[in-house]
Amino acid sequence: NAGVTQTPKFQVLKTGQSMTLQCAQDMNHEYMSWYRQDPGMGLRLIHYSVGAGITDQGEVPNGYNVSRSTTEDFPLRLLSAAPSQTSVYFCASSYSSQGGQPQHFGDGTRLSIL
Amino acid sequence: AQSVSQHNHHVILSEAASLELGCNYSYGGTVNLFWYVQYPGQHLQLLLKYFSGDPLVKGIKGFEAEFIKSKFSFNLRKPSVQWSDTAEYFCAVNPIDTDKLIFGTGTRLQVFP
């Protein structure tokens, strides 16, 4: 049982490049989400999904796309990387968004945009 | 907009000192409340949560938190901190009529021996 797996762990991009951050969980969790963590700003919700085929925007969705074709996977796509997207990205999952279910977090992806 | 405020950005304590970290949220409805901890170089882990019932909840490693509905607060406490408690602590709120978990900005705790 691997939990929440994020790849890659580190990535450097040039402005304008696109890339996909991968997130997979093996706990059969319905709810998955992406956060970015920046100094002094805590974690901010980018996008989330309550189940396969369903996604919605969080607090800071601009510049990012997501899809949820399977229960296990929830990739985050940067369409055209900008220096403001330099951050640490965390994927999280839980059985549900309701009922006080705790989130299980991945180890994060540290992304630098030059 | 819904928000979560953690007014203590950086707290420095000596071992055995008592700890209280503040958390306030701006949402009038029913909420689920969480405290997460992030040790240096690690991902976030659940410390404790309030879902319903007794407003005083106990978590791992001797931490507890009290939900005061009238004050929209969920403060974290520990009677005696240890060096190993050095970490960043995040309060999070899930309004039950949404699917969102909103985090505060975090409090960095440094405990010196």
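Residues numbered from 1 in each chain as written. Chains lettered and ligands numbered in written order. Predicted model: local features only at pLDDT ≥ 70, side-chain atom pairs only at ≥ 80, totals over all residues. Heavy atoms only, no water.

Caption draft 1: Examining the sheet that holds strand β1 (residues 4-7) of chain A more closely. Residue and element names in this part refer to chain A. The strand order across the open sheet formed by four strands is β1-β3-β8-β7, and the pairing between neighbours is antiparallel. With partners counted over all chains shown, the strands left at the sheet margins are β1 and β7 (64-66), one partner each. Each neighbouring strand pair of the sheet contributes to a mean axis angle of 20°, computed without reference to strand direction. Of the pairings in the sheet, the one linking β7 to strand β8 (residues 76-78) comprises three bridges and is antiparallel in character. Counted as the bridge partner of Val66 is Leu76 from β8. (Pairing = 2+ DSSP bridges. Helix = DSSP H or I, 4+ residues; strand = E, 2+ residues; numbered from the N terminus. Axes fitted to C-alpha atoms, helices over the stretch in contact; angles between N-to-C directions.)

Caption draft 2: Looking closely at the environment of B:Lys61. Residues and elements named next belong to chain B. Along the polypeptide, Lys61 turns up in the loop between β7 (56-58) and β8 (64-68). On the basis of relative accessibility, which here comes to 47%, the residue Lys61 falls in the partly exposed class. Measuring from C-alpha to C-alpha, the distance between Lys61 and Val37 comes to 11 Å, with 24 residues separating the pair along the chain. Each residue touching Lys61, except ones within four places of it in the same chain, is listed here: Tyr39 and Lys78. A polar atom in the side chain of Lys61 sits 2.9 Å from the side chain of Tyr39. (Buried < 20%, exposed > 50% of the residue type's maximum accessible area, 1.4 Å probe, protein only. Contact = heavy atoms within 4.5 Å. Polar contact = N/O pair within 3.5 Å; in protein donor to acceptor, adjacent residues only side chain to side chain.)

Caption draft 3: Inspection of the interface of chain B and chain A at higher detail. Between chain B and chain A, the residue contacts involve 21 residues of the former and 23 residues of the latter. The largest per-residue losses of area from chain B upon contact with chain A belong to B:His43, B:Asp99 and B:Phe103, which jointly make up 29% of the total buried on that side. The tally of links from chain B across to chain A stands at zero salt bridges. Top contributing element to the side of chain B that touches chain A by residue count: strand β5 (residues 31-38) of chain B, with four residues. A class-by-class count of the residues in the side of chain B that touches chain A yields ten nonpolar, seven polar and four charged. (Buried area = accessible area lost by both parts, 1.4 Å probe. Salt bridge = Lys/Arg side-chain N within 4 Å of Asp/Glu carboxyl O. Nonpolar A, V, L, I, M, F, W, Y, C, P; charged D, E, K, R; others polar.)

Caption draft 4: The side chain of A:His47, seen in detail. Residue and element names in this part refer to chain A. Here His47 lies in strand β5 (residues 42-51). Here Tyr64 takes part through its backbone oxygen, which lies 3.1 Å from a polar atom of the side chain of His47. Those residues in contact with His47, other than ones at most four positions away along the chain, are Ser33, Trp34, Asp56, Gln57, Gly58, Pro61, Tyr64, Asn65, Val66, Phe74 and Leu76.

Caption draft 5: Representation of the packing of aromatic side chains. Enumeration over the complete set of coordinates arrives at 13 aromatic pairs over all chains. With 6.1 Å between their ring centres and 45° between their planes, A:Tyr35 and A:Phe105 make a pair best called tilted. Taken together, the positions of A:Tyr35 in strand β4 (residues 31-38) and A:Phe105 in strand β10 (residues 104-105) put the pair 70 residues apart, joining distant regions of the chain. Here A:Phe105 and B:Tyr36 contribute two aromatic rings whose centre-to-centre distance is 5.6 Å and whose plane-to-plane angle is 80°, an arrangement assigned as edge-to-face. Linking A:Phe105 in strand β10 with B:Tyr36 in strand β5, this pair reaches from one chain into another. A residue is classified by how much of its surface remains accessible, and A:Phe105, at 5% relative accessible area, is buried. (Phe/Tyr/Trp six-rings, centres within 6.5 Å; stacked < 30°, edge-to-face > 60°.)

Caption draft 6: Up close: the pairing of strand β9 (residues 87-94) of chain A. Residues and elements named next belong to chain A. By the criterion of burial, β9 is predominantly enclosed, with eight of the eight residues buried. Here β9 shows no split at all, with Ser87, Tyr89, Cys91 and Ser93 on one side and Val88, Phe90, Ala92 and Ser94 on the other all buried. Across seven bridges, the pairing between β4 and β9 is antiparallel. What sits directly across from Met32, in β9, is Ser93. Sheet analysis places β9 next to strand β11 (residues 109-113), joined by three bridges and oriented antiparallel.

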